[in-house]
Amino acid sequence: MKFKKICVLGLGYIGLPTATMFAAHGIEVHGVDINPRVVESLQAGKIHIHEPGLQSLFEEAIKSGRLTVSSQPVEADAFIIAVPTPFQHEKFGEHNGIRFKLADMRAVTSATEAILPVLRKGNLVILESTSPPRTTVKLVAPILTRSTLQAGTDFHLCYSPERVLPGQILRELVDNARVIGGITPESARAGRDLYATFVKGEIHETDATTAEMVKIMENTTRDVNIAIANEFARLAEKFGVDVWEAIRLANLHPRINILNPGPGVGGHCISVDPWFFVEAAPEFSSLIYQARKVNDEQPNFVVEKVRRAIGELKNKKIAALGLAYKPDVDDLRESPAVEVIHLLQKEGAIVHAWEPFAPNAKLEGVDMASDLDSALKDADAILLLVSHSQFRTLNPVSIASKTRARIAIDTVNVWKPEQWQSAGFALHRLGDAKSPVSNL
Ligand code: SAJ
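Conventions and cut-offs
Residues numbered from 1 in each chain as written. Predicted model: local features only at pLDDT ≥ 70, side-chain atom pairs only at ≥ 80, totals over all residues. Heavy atoms only, no water. Helix = DSSP H or I, 4+ residues; strand = E, 2+ residues; numbered from the N terminus. Buried < 20%, exposed > 50% of the residue type's maximum accessible area, 1.4 Å probe, protein only. Axes fitted to C-alpha atoms, helices over the stretch in contact; angles between N-to-C directions. Parallel < 35°, antiparallel > 145°, perpendicular 65-115°, else oblique. Left-handed = near helix turned anticlockwise from the far one by under 90°. Contact = heavy atoms within 4.5 Å. Pairing = 2+ DSSP bridges. Arc of directions from axis to C-beta. Polar contact = N/O pair within 3.5 Å; in protein donor to acceptor, adjacent residues only side chain to side chain. Phe/Tyr/Trp six-rings, centres within 6.5 Å; stacked < 30°, edge-to-face > 60°. Salt bridge = Lys/Arg side-chain N within 4 Å of Asp/Glu carboxyl O. Right-handed = clockwise from strand over helix to strand, strands pointing away. Patch = residues over 30% accessible without salt bridge, like charges linked within 9 Å, V, L, I, M, F, W, Y side chains within 5 Å. Areas by Shrake-Rupley, 256 points an atom, 1.4 Å probe, with all protein chains shown as cover.

### Describing unusual backbone geometry
Geometrically, the link from Ser 435 to Pro 436 is a cis peptide bond, its omega value of -5° lying close to zero. In this structure, Pro 436 sits in the segment after strand 15 (426-429). The phi dihedral of Arg 134 falls on the positive side, at around 85°, and the residue is not glycine. Locating Arg 134 in the fold gives a position in the loop between strand 7 (124-127) and helix 5 (135-145). For Arg 134, a relative accessible area of 52% translates into the label exposed. Backbone geometry at Asn 315 places phi at a positive 65°, although glycine is not the residue there. Residue position: Asn 315 is located in the loop between helix 11 (286-310) and strand 11 (317-321). The exposure class of Asn 315 is exposed, given its relative accessible area of 53%.

Structure, rendered in structure tokens:
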């Protein structure tokens, strides 16, 4: 199948790079977003997210005239839906005493409905949003069928998960293998033809529900693996061990690859997607559920660590470094760092937070510093929550000159204990019962 024009619904972390990439490869692209501020910013040539390399590629696409943006879909050969599928914040499901989060599919529903007036015979519709198993056949197809066109016969319908890592999206969009699940083999083939425009990785055709499951399985596996790393950190502290050293040694085994403990699992993917399995089949998801619980509880473990390092938390001033959900991104969604700050404040601590990737972010109940120095000023302790590159290279001697704090807590294992100790700090590391050395 040949594609001259496509329409991408949802211009966020996935939709915007995807739309830009198609335009950069000669396809006429119309991007749609329901947020007027996003549309306005993009129409003015400015991207609203931080992703290396994207701004310049986007500018070129806009200048070439191949990429346009508005709030309404237009007729096209193919439609890609890349809208958020978060979980509901107020409603929960329950099964045999297990309380689980529920997927909020409103954005997928309304994006699909928005396509209805412009859907034509022979079109291809692709859902990219991570979705519970069977969403394509049970939610998207019935909505599109309201057009009187039949899914699979009059138009093609696919599910194709995005698998790109924020921070490396442009490279991974091209190089990663793609899975395309069609509701018919012909749909999958049409999906392949579209993504082959720029994908250099292998493209695998399958059915839509398998593709949905593949996506959730990937992120669930990572969640479970991080949960076990977080449990190892707790166990190491109990047994007087440095978990980072233990992990390094365990990973010398040819078939072991333990991930990194940290303050918890955040972002809009890994902390959300496993719930899609738990919601769909709680009777078969007990391990997945437990892993979610371990990771969601990790911010509490960090707060306990801080308490052990500085004693009573009430009225203690803490400089919290990093709010993003992971290193070198500006995304604060479901960030464990933010959760740690809220919990510390609940205990009466006074937290001043510095996030270099989102210095102007407004977060309810979080006191944002305007720069590193003002976060450090008057602090009793420094708490590192995200291993942004610029935090990794901080010079403890220079930090010591900017603050009276002499206690530092590193939850992500990037500061070198000897360096911080010789600069006068007691450095406490998450998962390391051996730090600080002076306490041995
Ligand atoms: N984290 C740890 N320890 C680790 C690795 C990560 O605590 O060893 C934490 C991070 O700090 C972060 C969270 O886990 O809070 C998730 O970060 P991540 O880098 O593992 O993943 P995401 O959410 O940025 O991207 C994931 C990727 N999925 C997998 O690696 C299986 C990406 O390929 C997906 O495209 C993306 O989810 C998505 O959109 O689903």
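The structure having been displayed, the exposition proceeds.
### Some details on the packing of helix 11 against helix 12 (residues 336-346)
Contact geometry for helix 11 and helix 12: axes closest at 9 Å, N-to-C directions at 50°. Taken together, helix 11 and helix 12 sit at an angle that is classed as oblique. As for the relative orientation of helix 11 and helix 12, their crossing is right-handed in sense. Here Pro 299, Asn 300, Val 302, Val 303 and Val 306 of helix 11 lie close against helix 12, whose contacting residues are Pro 336, Glu 339, Val 340, Leu 343 and Leu 344.

### What to know about the pairing of strand 15
Of the two faces of strand 15, the one holding Ala 426 and His 428 and the one holding Leu 427 and Arg 429 are both buried throughout. Strand direction decides the pairing type here: strand 14 (residues 407-410) and strand 15, joined by four bridges, are parallel. The residue bridging Ala 408 from the neighbouring strand is Leu 427, located in strand 15.

### Description of helix 9 (residues 243-250)
Listing the buried residues of helix 9 in full gives Val 243, Trp 244 and Ile 247. Buried residues of helix 9, viewed axially, fall in a sector of 100°; they line one side. Of the surrounding elements, those touching the buried residues of helix 9 are helix 8 (208-239) and strand 15. Sitting at the amino-terminal end of helix 9 is Asp 242, which places a side-chain oxygen 2.9 Å from the backbone nitrogen of Trp 244.

### Some details on the packing of aromatic side chains
Summed over the entire model, instances satisfying the criterion amount to five aromatic pairs. Between Phe 22 and Tyr 195 the ring centres are 6.1 Å apart and the planes differ by 45°, which places this aromatic pair in the tilted class. One end of the pair, Phe 22, is in helix 1 (residues 15-24); the other, Tyr 195, is in helix 7 (residues 185-195), and 173 residues separate them in sequence. Here the two residues Phe 22 and Tyr 195 agree in accessibility, since each one is buried. Both rings, one in Trp 275 and one in Tyr 289, keep their centres 6.1 Å apart while their planes meet at 75°; by these two values the pair is edge-to-face. Here the residue Trp 275 occupies a position in helix 10 (residues 274-280), and Tyr 289 occupies one in helix 11, the gap between them amounting to 14 residues. Residue Trp 275 is classed as buried on the basis of its relative accessible area, which comes to 5%. An aromatic cluster of at least three residues, connected via ring pairs, comprises Phe 22, Tyr 195 and Phe 198.

### Structural notes on the pattern of salt bridges
As enumerated under the stated definition, the model contains 24 salt bridges in all. A salt bridge links Asp 223 to Arg 292, with the nearest nitrogen and oxygen atoms 2.7 Å apart. Here the residue Asp 223 occupies a position in helix 8, and Arg 292 occupies one in helix 11, the gap between them amounting to 69 residues. Both residues of the pair, Asp 223 and Arg 292, belong to the buried class. One salt bridge in this structure joins Arg 404 and Asp 380, with 3.0 Å as the shortest N-O distance. Note that Arg 404 is positioned in the loop between helix 15 (396-400) and strand 14 and Asp 380 in the loop between helix 13 (372-376) and strand 13 (381-384), a separation of 24 residues in sequence. Exposure remark for Arg 404: the relative accessible area of 52% places this residue in the exposed category. According to the relative accessible area criterion, Asp 380 is partly exposed, its value standing at 22%. The structure contains a network of salt bridges with shared partners spanning Lys 101, Asp 223, Arg 292 and Asp 296.

### Brief notes about the pairing of strand 2 (residues 28-32)
When a strand is regular, its side chains alternate between the sheet's two faces. Counting buried positions over the five residues of strand 2 gives four, a clear majority of the element. Judged from the five bridges that link them, strand 1 (residues 5-9) and strand 2 form a sheet pairing that is parallel. Following the sheet pairing, Cys 7 is matched in strand 2 by His 30. For the crossover from strand 1 across helix 1 to strand 2, the handedness is right-handed. By the bridge criterion, four bridges tie strand 2 to strand 3 (residues 67-70) in an arrangement that is parallel. By the bridge assignment for strand 3, His 30 is matched with Thr 68.

### Some words on a nonpolar patch on the surface
A contiguous nonpolar patch, built from Leu 235, Phe 239 and Val 241 and spanning about 270 Å² of accessible area, is present on the exposed surface. By the secondary structure assignment, Phe 239 is in helix 8. The class of Phe 239 is exposed, set by a relative accessible area of 56%.

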